Amino acid sequence: MFELEKLARKNVLNLKPYSSARDDFKGIASVYLDANENPYGTLFNRYPDPHQNTLKQKISAIKKIPVNQIFLGNGSDEPIDLLIRAFCEPGVDNVLIPQPTYGMYTVSAEINNVKIKTVKLTADFDLDVESTTSAWDDQTKLIFLCSPNNPSGNLLSSNRIRKILETFKGIVVVDEAYIDFTHVPGFIPLLGQYPNLVILQTLSKAWSMAALRVGMCFASQEIIALLNKIKPPYNISLLSQKTAEDGLNNEITKNEWVAKIIQERKNLAEDIKKLRIVKKVYPSDANFLLVKVIKAKEVYQKLVECGIIVRDRSNVVLCEDCLRITVGTEKENEALLNELNTI
Ligand code: PMP
């Protein structure tokens with residue numbers, strides 16, 4: 001039986017969140033003298049909606065999930081941090097992070113003085129259910145699963161994720177930042193089935209709005225309420241809210257970008273495979289490729305010298321001699337291939 005009260009930090013459960021007078025009287029007043037704003041001036045003189053209601057309604061319609069099961073953060077990096085702060089007692093609790101994966105889970109845990117347990121993914125970067133289930137202990141509050149995984153690019157097998165959801169007593173965070181580049185629905189349809197499931201998505205990738213910093217977190221109403229309690233009151237600026245609302249009207253264009261990127265991913269993978277220095281191109285369900293090359297550090301450096309920046313992942317576990325390459329435009333990919341050809 002999943003009991004949020006037993007899992008969340010006591011101080012978080014007990015605290016009284018900051019509330020602005022605007023929360024209590026929104027829409028019914030005509031004179032706002034409560035927030036020490038400047039009554040003159042720009043379009044930006046008033047604080048933005050702390051609950052981002054209009055934006056959430058748009059996301060709710062697209063993702064088919066009720067508004068009260070949506071939390072929006074300053075990028076998905078914010079809910080990663082808030083989840084750790086909501087559930088992990090510093091110096092006591094720990095998080096479990098199968099490796100290799102996105103680096104911010106570790107950084108956020110370290111910032112919060114929360115211990116980290118790691119297990120390795122399998123050689124083909126899938127979950128090793130046995131080693132994962134034997135790695136957690138009574139103090140493990142969160143497991144971070146990234147699917148499609150960064151930096152490997154593959155989806156984790158959904159049966160294995162479900163196995164973890166069914167056996168782990170804490171929160172399972174499934175980070176689906178790259179879900180739009182796959183052909184699977186992801187875990188949103190399963191939210192009702194698993195009270196310990198938290199899903200992260202973002203407007204930074206397929207939706208092409210990385211600069212706005214809007215990350216999405218989907219979970220039970222109770223978990224979302226907990227995150228709302230501890231977030232900074234106005235965590236998403238008015239400009240970001242409004243621009244994201246407009247951007248979400250372009251779903252057809254988003255789908256066209258995604259289709260192009262998937263096609264380019266295929267072309268780029270085929271072309272890269274032919275290069276002399278390339279040992280392996282890993283299959284990708286994301287908008288990047290993990291590529292094993294001969295002498296990755298040297299290749300990386302040579303690319304830097306001609307103004308092309310990829311990500312050197314060669315020091316990362318299971319990624320020896322690997323570079324992570326974002327799929328760019330046809331022209332950018334061509335420039336990359338031309339340089340790689342000369343190495
Ligand atoms: N999750 C994963 C797996 C990522 O790769 C990234 C960014 N590279 C993020 C989350 C952060 O995304 P955001 O821009 O929403 O903070």
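These figures come from a predicted structure and were not determined experimentally.

Cut-off values and rules
Residues numbered from 1 in each chain as written. Predicted model: local features only at pLDDT ≥ 70, side-chain atom pairs only at ≥ 80, totals over all residues. Heavy atoms only, no water. Buried < 20%, exposed > 50% of the residue type's maximum accessible area, 1.4 Å probe, protein only. Helix = DSSP H or I, 4+ residues; strand = E, 2+ residues; numbered from the N terminus. Arc of directions from axis to C-beta. Patch = residues over 30% accessible without salt bridge, like charges linked within 9 Å, V, L, I, M, F, W, Y side chains within 5 Å. Areas by Shrake-Rupley, 256 points an atom, 1.4 Å probe, with all protein chains shown as cover. Salt bridge = Lys/Arg side-chain N within 4 Å of Asp/Glu carboxyl O. Near = heavy atom within 4 Å. Polar contact = N/O pair within 3.5 Å; in protein donor to acceptor, adjacent residues only side chain to side chain. Domains from an automatic or database assignment. Contact = heavy atoms within 4.5 Å. Buried area = accessible area lost by both parts, 1.4 Å probe. Axes fitted to C-alpha atoms, helices over the stretch in contact; angles between N-to-C directions. Parallel < 35°, antiparallel > 145°, perpendicular 65-115°, else oblique. Nonpolar A, V, L, I, M, F, W, Y, C, P; charged D, E, K, R; others polar. Left-handed = near helix turned anticlockwise from the far one by under 90°.

1. Thoughts on helix 6 (residues 104–111)
Residues spaced three or four apart along an α-helix point in a common direction, a consequence of the helix completing one turn every 3.6 residues.
For step 1, the next point in the chain: Of all the residues in helix 6, the buried ones are Tyr105, Thr106, Ser108 and Ala109. On an axial view of helix 6, the arc spanned by its buried residues comes to 165 degrees, and they lie on one face. With respect to the buried face of helix 6, the exposed residues turned more than 90 degrees away are Glu110 and Ile111.
For step 2, the next point in the chain: Directly beyond the C-terminal end of helix 6, a positive phi value near 55 degrees is found at Asn113.

2. Some words on a nonpolar patch on the surface
For step 1, the next point in the chain: Nonpolar side chains collect at one region of the surface, where Leu43, Phe44 and Leu239 lie side by side and expose about 370 Å² of accessible area between them.
For step 2, the next point in the chain: For Phe44, the location among the structural elements is in the loop between helix 3 (21–25) and helix 4 (53–63).
For step 3, the next point in the chain: Since its relative accessible area comes to 48%, Phe44 is described here as partly exposed.

3. Describing the site of the ligand
For step 1, the next point in the chain: Residues in contact with the ligand amount to 13 residues; listed here are only the nearest, Ser76, Asp175, Tyr178, Thr202 and Ser204.
For step 2, the next point in the chain: In the model, a nitrogen atom of the ligand is placed 2.6 Å from a nitrogen or oxygen of the Asp175 side chain.
For step 3, the next point in the chain: In the model, a nitrogen atom of the ligand is placed 3.0 Å from a nitrogen or oxygen of the Lys205 side chain.
For step 4, the next point in the chain: In isolation the ligand exposes 400 Å². Once the protein is present, 91% of that is buried.

4. Remarks on the domain arrangement of the protein chain
For step 1, the next point in the chain: Domain boundaries assigned for the protein chain yield domain 1 (4–247) and domain 2 (252–342).
For step 2, the next point in the chain: Inter-centroid distance (C-alpha atoms) of domain 1 to domain 2 is 29 Å.
For step 3, the next point in the chain: At the junction of the two partners, domain 1 supplies 22 residues and domain 2 supplies 20 residues.
For step 4, the next point in the chain: Carbon and sulfur atoms make up 71% of the surface buried where domain 1 meets domain 2, a total of about 1800 Å² over both sides.
For step 5, the next point in the chain: Two residues, Lys254 and Asp180, come together in a salt bridge whose shortest N-O distance is 3.1 Å.
For step 6, the next point in the chain: Inspection of the region where domain 1 meets domain 2 yields five residue pairs in polar contact (both at pLDDT 80 or more).

5. A few points about the packing of helix 5 (residues 77–87) against helix 9 (residues 221–230)
For step 1, the next point in the chain: Two elements in contact, helix 5 and helix 9, have axes whose closest approach is 10 Å; the angle formed by their N-to-C orientations is 100 degrees. The pairing of helix 5 with helix 9 is recorded here as roughly perpendicular in orientation. Touching Leu82, Leu83, Arg85, Ala86 and Phe87 of helix 5 are Leu226, Leu227 and Ile230, all from helix 9.
For step 2, the next point in the chain: Of the residues that constitute the contact of helix 5 with helix 9, the class distribution is seven nonpolar, no polar and one charged.

6. Details of the packing of helix 4 against helix 10 (residues 238–247)
For step 1, the next point in the chain: For the pair helix 4 and helix 10, the least separation of the axes is 9 Å and the interaxial angle reads 25 degrees. The angle between helix 4 and helix 10 places the two elements in the roughly parallel class. The crossing of helix 4 and helix 10 is left-handed. Listed contacts from helix 10 to Thr54, Leu55 and Lys58 of helix 4 are Gln241, Ala244 and Glu245.

7. Re helix 12 (residues 296–305)
For step 1, the next point in the chain: Of the positions making up helix 12, those classed as buried are Ala296, Val299 and Leu303. Axial view of helix 12: buried residues confined to an arc of 65 degrees, hence all on one face.
For step 2, the next point in the chain: In this structure, the buried side of helix 12 is in contact with strand 9 (288–293), strand 11 (322–326) and helix 13 (330–342).
For step 3, the next point in the chain: Of the residues flanking the end of helix 12, it is Gly307, one or two places downstream, whose phi is positive at about 80 degrees.

8. As for the pattern of salt bridges
For step 1, the next point in the chain: Counted under the stated rule, the structure contains 13 salt bridges.
For step 2, the next point in the chain: Between Glu89 and Arg9 there is a salt bridge, with the nearest N and O atoms lying 3.4 Å from each other. Here Glu89 is found in the loop between helix 5 and strand 2 (94–99), whereas its partner Arg9 is found in the loop between helix 1 (4–7) and helix 2 (10–14), with 80 residues between them in sequence.
For step 3, the next point in the chain: Residue Glu89 is classed as partly exposed on the basis of its relative accessible area of 31%.
For step 4, the next point in the chain: With its nearest N and O atoms 2.7 Å apart, the salt bridge here joins Arg85 to Asp81. Here Arg85 pairs with Asp81, and both are found in helix 5, just four residues apart, close to one helical turn.
For step 5, the next point in the chain: Since its relative accessible area comes to 35%, Arg85 is described here as partly exposed.

9. Examining the side chain of Glu245
For step 1, the next point in the chain: With respect to the helices, strands and loops of the structure, Glu245 is situated in helix 10.
For step 2, the next point in the chain: Not counting residues within four places of it along the chain, the set of residues in contact with Glu245 comprises Thr54, Leu55 and Lys58.

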